[in-house]
Amino acid sequence: MSGYFDAIAPLSYDPDADGLAFRAYDPDEMVMGKRMADQLRFAVAFWHSFGWEGGDPFGGQTFERPWFPANTMELAEMRANAAFDFFKVLRAPFFCFHDHDVRPEGASLGESRDRLERIADIFETRMAETGTGLLWGTANLFTNRRFMAGAATNPDPEVFAYCAATVKACLDVTHRLNGENYVLWGGREGYETLLNTDLGAELDHMGRFLSLVVEYKHKIGFKGAILIEPKPQEPTKHQYDYDVATVFGFLQRYGLENEVKLNIEQGHAILAGHSFEHELALANALGVFGSIDMNRNDYQSGWDTDQFPNNVPEVALAYYEILKGGGFTTGGTNFDSKLRRQSLDAEDLVAAHAGAFDVCARGLKAAAKMLEDDRLEAARRARYAGWNEPWAKAMLEKGATLEGIAAEAEAKGLDPQPVSGRQERLENLVNRYV
Ligand code: GLC
Ligand code: MN
């Protein structure tokens, strides 16, 4: 045991507390027919909270943790236990991890797999003790230099095979730990320069790789969802999983649109030039919404700073889309967020998560109230009310023709009159809730 979080008592809901507590997140409060904890399904990201050492492009480690540098199994085991001590403090419903965050790599694929299984033994015991479940597992196919030219899209077929072995091991462990999803984030699946890249071949390899993963999932009876996480660039110049629309087109091309869903991250949405709620609304419209990575980026720095969320109105609009789509099924809210590198203390890590839980709870409650009151949706329905009329519906049906519609439009002497979009009134309405 590391004892690292020993001095911090488990947090509870106490709106008037002075110290560390949840002020808005009350796990048992009912929101739209479910416990708040079951609506939000919070997960702690192992990599940022227990793997990341506080470096940035201009300086290295700032955090001192008893398990760093975590390059032996002994230290990795200490870290695994410290993580679960932390989950207990937060009463965290879920966590997420990559193979690379939880075990030092072995000298061979086989040794790496064995080490992962040994850490999973600890996870299994501590999951039973704490009640923290696994939201998703994943493989890190981007940090090691062997992946520098891509994972499944690497020009070298040996890397493709290496990735197959790695993902198989991670999916096996995720399945064993009753993970609710398995995520693929293609950090290196893209290119640095088109001058050396066969873009068409790389997309075909990536499509084939994903099919192999889906086939294997069914073979072993893994019931969780396979999730793709879009990001437009960084670390590559251009990533193939650019955004929701791009990933959906890719899934359709390889016949996987009914097999794979999306893990949508706030920061990645912004980097792609979208709002988070746009990406969520589109995923719902296309039937591929799965889960979210909740964080925010700094609006000045323009890169993926992965900060903890602290903007209630923004978060409310995200949960509005999620609730409107029926809420999470296998998915949840994973805090893919890291401390600032000056936030050195154990308390900082707890406070960051407690604050994030509260921001999301307030956003969720505002979103639920907005939906229940139905004023925003009533305005939206009114805007499209014309489409309820039989003649309008008929235009969308099979058998309707462009020339038929044209003739009818002329015969009726149509002269459509513009109506207000009422944007400011709707914005005012939303501001009453957040
Ligand atoms: C990396 C990415 C993060 C992603 C995670 C899972 O840490 O930065 O966005 O969610 O990997 O693969
Ligand atoms: Mn993420």
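Residues numbered from 1 in each chain as written. Chains lettered and ligands numbered in written order. Predicted model: local features only at pLDDT ≥ 70, side-chain atom pairs only at ≥ 80, totals over all residues. Heavy atoms only, no water.

### Notes on the overall build of the protein
Worth spelling out the cut-off: Labels follow the DSSP assignment, with helices taken as runs of H or I lasting at least four residues and strands as runs of E lasting at least two, numbered in each case from the N terminus. Here the globule rule reads 2.2 Å times residues to the power 0.38, and the radius of gyration is calculated from C-alpha atoms. Throughout, a contact is declared for two residues whenever any of their heavy atoms are within 4.5 Å. All accessible areas in this document rest on Shrake-Rupley with a 1.4 Å probe, and a residue is counted as covered only by the protein chains that are shown. We score Asp and Glu as negative and Lys and Arg as positive, and we do not count His or the chain ends. Charge positions come from single atoms, namely NZ of Lys, CZ of Arg, CG of Asp or CD of Glu.
Helices and strands together make up the secondary structure of the protein, namely 16 helices and twelve strands. Taking 2.2 N^0.38 as the reference for a compact globule, 434 residues should give roughly 22 Å; the C-alpha atoms of the protein span a radius of gyration of 24 Å, in line with that estimate. Each of the three principal axes of the protein carries a C-alpha extent, and together these read 80 × 60 × 45 Å. Of the contacts made within the protein by residues no fewer than 6 positions apart, 76% connect residues no fewer than 24 positions apart. Surface summary for the protein: the accessible area is close to 20,400 Å², and the carbon and sulfur share equals 52%. When the 44 positive and 65 negative side-chain charges of the protein are each reduced to one mean point, those points stand 3 Å apart.

### Remarks on a nonpolar patch on the surface
Keep this limit in mind: Surface patches are defined over residues having more than 30% relative accessible area and no salt bridge, joining like charges when they lie within 9 Å and nonpolar side chains (Val, Leu, Ile, Met, Phe, Trp, Tyr) when within 5 Å. Just to be clear on terms, a salt bridge is a Lys or Arg side-chain nitrogen sitting within 4 Å of an Asp or Glu carboxyl oxygen.
A surface patch of nonpolar side chains, amounting to about 360 Å² of accessible area, comprises Tyr384, Trp387 and Leu396. Note that Leu396 resides in helix α14 (residues 390-396).

### Observations concerning the site of ligand 1
Applied cut-off: When at least one non-hydrogen atom of a residue lies within 4 Å of a molecule or strand, that residue is treated as near it. Under the rule applied, a polar contact is a pair of N or O atoms within 3.5 Å (in protein, one hydrogen donor and one hydrogen acceptor; residues adjacent in sequence only if both atoms are side-chain atoms). Charged means Asp, Glu, Lys or Arg here, nonpolar means Ala, Val, Leu, Ile, Met, Phe, Trp, Tyr, Cys or Pro, and polar covers whatever is left, Gly included.
For ligand 1, the full set of nearby residues is Trp47, His98, Trp136, Thr138, Phe142, Trp185, Glu229, Glu265, His268, Asp293 and Asp336. Within the contact set of ligand 1, an oxygen atom lies 2.6 Å away from a side-chain nitrogen or oxygen of Glu229. Taking Glu265, its side chain carries an N or O atom lying 3.0 Å from an oxygen atom of ligand 1. Isolated, ligand 1 exposes 300 Å² of accessible area, and the fraction of that covered by the protein chains is 93%. Partitioning the shell around ligand 1 into residue classes produces four nonpolar, three polar and four charged.

### A short note on the coordination of the manganese ion (ligand 2)
In plain terms, the rule: For Na, K and Ca the donor cut-off is 3.2 Å, and for all other metals it is 2.8 Å, counting N, O and S atoms only; because water is absent from this set, sites may look incomplete. Angle rules define the geometry names used: all angles between 85 and 135 degrees makes four donors tetrahedral, while opposite donors over 155 degrees apart and all other angles between 65 and 115 make four donors square planar and six octahedral, leaving every other case irregular.
Taken together, the protein donors to the manganese ion (ligand 2) comprise Glu229 (OE), Glu265 (OE), Asp293 (OD) and Asp336 (OD), at separations of 2.0 to 2.2 Å. Metal-centred angles of 77 to 166 degrees between the six donor atoms at the manganese ion (ligand 2) mark the site as octahedral. Sequence spacing of the donors to the manganese ion (ligand 2): E-x35-E-x27-D-x42-D. With Glu229 in the loop between β8 (225-228) and β9 (238-239) and Asp336 in the loop between β12 (333-335) and α12 (346-373), the pair connects residues that are 107 residues apart, well separated along the chain.

### Description of the nonpolar core
General note: in soluble globular proteins, nonpolar side chains tend to be found buried as a group. Selection criterion: Residues enter a nonpolar core if they are buried and are Ala, Val, Leu, Ile, Met, Phe, Trp, Tyr or Cys, with the set joined through side-chain atoms within 4.5 Å. Only protein chains enter the accessibility calculation, which uses a 1.4 Å probe; a residue whose area is less than 20% of its type maximum is buried, one above 50% is exposed, and one in between is partly exposed.
Within the largest apolar cluster, 115 residues are counted, with the highest numbers of intra-cluster contacts made by Phe5, Phe50, Phe97, Phe123 and Tyr319. It is α12 that contributes the most residues to this core, 16 residues altogether.

### Digging into the state of the cysteines
To be explicit about the condition: Two cysteine sulfur atoms form a disulfide, by the criterion used here, when they sit within 2.5 Å.
According to the stated counting rule, one finds zero disulfides in the structure shown. We note that Cys163 lacks a disulfide partner, and the nearest cysteine sulfur, in Cys170, lies 11 Å from it. Here Cys163 falls in the buried class, since its relative accessible area comes to 0%. Left unpaired, Cys360 is separated from the closest cysteine sulfur, that of Cys96, by 14 Å. Looking at Cys360, the relative accessible area reads 0%, which means it is buried.

### Digging into helix α10 (residues 276-286)
Applicable threshold: The arc under discussion is defined with respect to the helix axis, by the directions toward the C-beta atoms.
Within α10, the full set of buried residues consists of Phe276, Glu279, Leu280 and Ala283. One side of α10 carries all its buried residues, which in axial view fall inside an arc of 100 degrees. Buried residues along α10 sit against α8 (244-253), β10 (260-265), α9 (266-271), β11 (289-293) and α11 (312-324). Two residues or fewer past α10, Gly287 is found with a positive phi of approximately 75 degrees.

### Things to note about the pairing of β10
Under the convention used in this document: When DSSP finds two or more bridges between two strands, those strands count as paired.
Most of β10 is tucked away, with five of its six residues classed as buried. Taken together, the three bridges between β8 and β10 define a ladder with parallel strand orientation. Within β10, the residue paired with Leu227 across the bridge is Lys261. Bridge count for β10 against β11 is four bridges, and the pairing is parallel. Bridge assignment links Asn263 to a residue of β11, and that residue is Ser291.

### Focus on the pattern of salt bridges
When their charged atoms lie close together, side chains carrying opposite charge are able to pair. Scanning all chains against the criterion turns up 25 salt bridges. A salt bridge links Glu111 to Arg115; the shortest N-O distance between them is 3.3 Å. Note that Glu111 and Arg115 are positioned in helix α5 (residues 109-130) at a spacing of four residues, about one turn of the helix. Judged by its relative accessible area of 31%, Glu111 falls in the partly exposed class. Here Glu321 and Lys324 are joined by a salt bridge, their closest N and O atoms 3.9 Å apart. With Glu321 and Lys324 both in helix α11 and three residues apart, this pair spans about one turn of that helix.

### Here's the deal with the UniProt feature "active site" (unreviewed entry) in the protein
Worth spelling out the cut-off: UniProt positions are given in the numbering used here, feature names are shortened, and annotations may be inferred rather than shown by experiment.
When the UniProt feature table is mapped onto this chain numbering, "active site" (unreviewed entry) sits at His98 and Asp101. With respect to the helices and strands, His98 occurs in strand β4 (residues 94-98). Ignoring any residue separated from it by four or fewer positions in sequence, one finds His98 in contact with Trp47, Thr138, Ala139, Asn140 and Phe142. With respect to the helices and strands, Asp101 occurs in helix α4 (residues 99-102).

### Examining the pairing of strand β6 (residues 181-184)
So the rule is basically this: A clockwise path from the first strand over the helix to the second, with the strands pointing away from the viewer, defines a right-handed crossover.
Neither face of β6 is exposed, since Asn181 and Val183 on one face and Tyr182 and Leu184 on the opposite face are all buried. Direction of pairing for strand β5 (residues 133-138) relative to β6: parallel, over a ladder of three bridges. Looking across to β6, one finds that Trp136 is bridged to Asn181. Taken together, β5, helix α6 (residues 157-176) and β6 constitute a β-α-β crossover, and its handedness is right-handed. When β6 meets β8, the two strands line up parallel, connected through four bridges. Across the sheet, the residue bridging to Val183 is Leu227, located in β8.

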